[in-house]
Amino acid sequence: MESRRRPVVPMRLTNVRFKTTMHNCVAFKVMLARAWVEVFEESDWDIFWADVHSLGVDSGFDHSKLLDTQKLNHFPRHYELTRKDLMVKNLKRAKKLLEKEGRASDYDFFPQTYVLPLEHGIFVEEFRRNPGVTWIMKPCGRAQGRGIFLLDKLSQVSGWRKQIDEKEKPETYVVSRYLDQPLLLGGRKFDLRIYVLVLSYVPLIVYLHRSGFCRFSSSRYTTDKANMKNLYMHLTNVAIQKKNDKYDENTGMKWPISKLKQYLLSKHGLAATSKLFGDIQLVVTHSLLAVQQVVTQDKHCFELYGYDILVDEALKPWLIEVNASPSLSTDTAADHQLKWGLVEDALGLVDVEGKLEGQLPLSFGGFDLIWEGCAPVQPHPTLPSMLGTHIPGRR
């Protein structure tokens, strides 16, 4: 197995002690299964798997006091990529910088978006220039589909603006041009949840997991304006879909990405399918490069991101958002198998035990190295991405 060197070679460690604030997820169970010992002291641990709030600005957590061998699952300022308004700001900045080189198209993977109320006036001008276009509003500080709504009339924005103007601290939203021509399967809309492991920002070291899943809506999709308020049709968030009578508890409204790839190969052929999956991988690397200079590098940290990608009918991928704490709870046997393998592979690469002796393997479990330092890495001689391919040793 070919491998490279890490920036820092870790010491060999036994009897790993872990701390976590997330006891209701697979990560906790995987660490116990590895015979690691849970500890509860404030600083006497080898790895801390924390929720983002436990490490936030108001938490008082001090990165400067970490020992060389300690590992933490969030980088300082990780929210530059995972908060909706900051992600858009950073992507727009990266796109503008590349305009001088004629490469702005490298960042044509996110929809036209404005931050409200900051860019309310600019958005209104754009809205009036494009009558009849549907937009989608999302609160920046909420998750699981809460607070999202679609709009196609300026009066809907005015009503929203009046509500937030009455608040002492108005809630920040992003409003994006709605991607109304998604690729459909069985008449239903879906998006992709894929997993990315960043071991370092300087140098940038990125792994992409081969597994992931499609999340389906429970209602058949239509562009009929009469159905704009039907979130069961337009949103794929599991928390939303679970409230619908049509929700399928056996599948969790999910389908493995490997199955999607097989379907696309049969319908669109190898060239188109390979290009799509290669383009998805480019979305990942370009988005991380856009925030590389603003996320604080810390040798103690790693990040397991959950990327949400929508594919349109032209087989073009669009970045919807990035999650710093993707759900690691499970509701089906397939979900449990996927996430158990994901966390097991991630912990193996983080290598708090020092078993890899400072090496960066090209592939490890379901992870493939896709970026190292200043350049992309090609794990396979012909495939542009290993996403959706078989994981050795897994069913």
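Scroll up for the structure.
A few points on the structure.

Criteria and thresholds
- Residues numbered from 1 in each chain as written.
- Predicted model: local features only at pLDDT ≥ 70, side-chain atom pairs only at ≥ 80, totals over all residues.
- Heavy atoms only, no water.
- Helix = DSSP H or I, 4+ residues; strand = E, 2+ residues; numbered from the N terminus.
- Rg over C-alpha atoms; globule rule 2.2 N^0.38 Å.
- Buried < 20%, exposed > 50% of the residue type's maximum accessible area, 1.4 Å probe, protein only.
- Contact = heavy atoms within 4.5 Å.
- Areas by Shrake-Rupley, 256 points an atom, 1.4 Å probe, with all protein chains shown as cover.
- Lys, Arg positive; Asp, Glu negative; His and termini not counted.
- Charge placed at Lys NZ, Arg CZ, Asp CG, Glu CD.
- Pairing = 2+ DSSP bridges.
- Axes fitted to C-alpha atoms, helices over the stretch in contact; angles between N-to-C directions.
- Arc of directions from axis to C-beta.
- Parallel < 35°, antiparallel > 145°, perpendicular 65-115°, else oblique.
- Left-handed = near helix turned anticlockwise from the far one by under 90°.
- Nonpolar A, V, L, I, M, F, W, Y, C, P; charged D, E, K, R; others polar.
- Core = buried A, V, L, I, M, F, W, Y, C linked by side-chain atoms within 4.5 Å.

1. Considerations on the overall build of the chain
Link 1 in the chain: Helices and strands together make up the secondary structure of the chain, namely nine helices and 19 strands.
Link 2 in the chain: Here the C-alpha atoms of the chain give a radius of gyration of 21 Å, agreeing with the 21 Å that 2.2 N^0.38 yields for 395 residues.
Link 3 in the chain: Projected onto its principal axes, the C-alpha positions of the chain cover 60 × 55 × 50 Å.
Link 4 in the chain: Residue burial in the chain is summarised as follows: out of 395 residues, 54% are buried.
Link 5 in the chain: Contacts in the chain between residues at least 24 apart in sequence constitute 70% of all its contacts with a sequence separation of at least 6.
Link 6 in the chain: Of the roughly 18600 Å² of accessible surface on the chain, a fraction of 52% belongs to carbon and sulfur atoms.
Link 7 in the chain: Seen as two clouds, the 53 positive and the 46 negative side-chain charges of the chain have centres 4 Å apart.

2. A closer look at the sheet that holds strand β7 (residues 135-139)
Link 1 in the chain: Taken together, four strands build an open sheet; the order of strands is β6-β9-β7-β8 and the sheet is antiparallel. For this open sheet the edge positions go to β6 (113-116) and β8 (149-151), each flanked by a neighbour on one side alone. Strand-to-strand twist in this sheet, taken as the mean axis angle between neighbours without regard to direction, amounts to 25°.
Link 2 in the chain: As paired elements, β6 and strand β9 (residues 173-177) share four bridges and run antiparallel to each other. Within β9, the residue paired with Leu116 across the bridge is Tyr173.
Link 3 in the chain: Together, β6, β7 and β9 form the strand contacts of helix α3 (residues 84-99), whose direction differs from that of β6 by roughly 135°.
Link 4 in the chain: Its contacts with the sheet put helix α4 (residues 120-129) on β6, β7, β8 and β9, and the angle it makes with β6 is roughly 140°.

3. Details of α4
Link 1 in the chain: Residues of α4 that are buried include every one of His120, Phe123, Val124, Glu126 and Phe127, and no others. All buried residues of α4 project into a common sector of 165° when viewed along the axis, lining one side. Looking at α4, the residues exposed on the side facing more than 90 degrees away from the buried face are Arg128 and Arg129.

4. Regarding the sheet that holds strand β4 (residues 47-49)
Sheet strands pair by backbone hydrogen bonding; their relative direction is either parallel or antiparallel.
Link 1 in the chain: An order of β3-β2-β4-β5 is seen for the four strands of this open sheet, with the pairing classed as parallel. Each having just a single partner strand, β3 (37-38) and β5 (71-72) make up the two edges of the open sheet.
Link 2 in the chain: Pairing between strand β2 (residues 17-20) and β4: three bridges, direction parallel. Note that in β4 the partner of Phe18 across the bridge is Ile47.
Link 3 in the chain: Here helix α1 (residues 26-33) sits on the sheet in contact with β2, β3 and β4, set at roughly 165° to β2.

5. Quick look at the packing of α1 against helix α9 (residues 333-350)
Two packed helices can be described by the angle between their axes and the distance between those axes.
Link 1 in the chain: Where α1 contacts α9, the axes come no closer than 9 Å and their chain directions differ by 60°. The orientation of α1 relative to α9 falls into the category oblique. The interaxial crossing formed by α1 with α9 has right-handed handedness. Mapping the contact onto sequence places Val26, Ala27, Lys29, Val30, Met31 and Ala33 in α1 and His336, Lys339, Trp340, Val343, Glu344 and Leu347 in α9.
Link 2 in the chain: Of the residues belonging to the contact of α1 with α9, the class tally is eight nonpolar, one polar and three charged.

6. A closer look at the environment of Asp152
Link 1 in the chain: Relative to the helices and strands, Asp152 resides in the loop between β8 and α5 (154-165).
Link 2 in the chain: The buried category is assigned to Asp152, whose relative accessible area is 15%.
Link 3 in the chain: In sequence terms Asp152 and Phe127 are 25 residues apart; their C-alpha atoms lie 8.7 Å from each other.
Link 4 in the chain: Apart from residues lying up to four places away in sequence, Asp152 is in contact with Phe127, Val133, Thr134, Lys225 and Met228.

7. A short note on the environment of Val174
Link 1 in the chain: Within the element layout of this structure, Val174 appears in strand β9.
Link 2 in the chain: With a relative accessible area of 4%, Val174 lands in the buried category.
Link 3 in the chain: Apart from the residues within four sequence positions on either side, Val174 is in contact with Lys84, Asp85, Thr113, Tyr114, Val115, Ile136, Met137, Lys138 and Cys140.

8. As for the nonpolar core
Link 1 in the chain: Counting 55 residues, the largest nonpolar core has Leu192, Ile194, Tyr201, Leu288 and Tyr307 as the members making the most contacts within it.
Link 2 in the chain: Only α3, β11 (188-201), β12 (204-216), α8 (257-291), β14 (303-311), β15 (317-323) and β18 (367-373) provide two or more residues apiece to this core.
Link 3 in the chain: Contact partners of Leu192, with chain neighbours within four places excluded, come to Phe213, Cys214, Ile257, Leu260, Ile280, Tyr307, Asp308, Ile309 and Val311.
Link 4 in the chain: With 35 residues, the next largest nonpolar core counts Val30, Leu328, Leu360 and Val377 among its residues.

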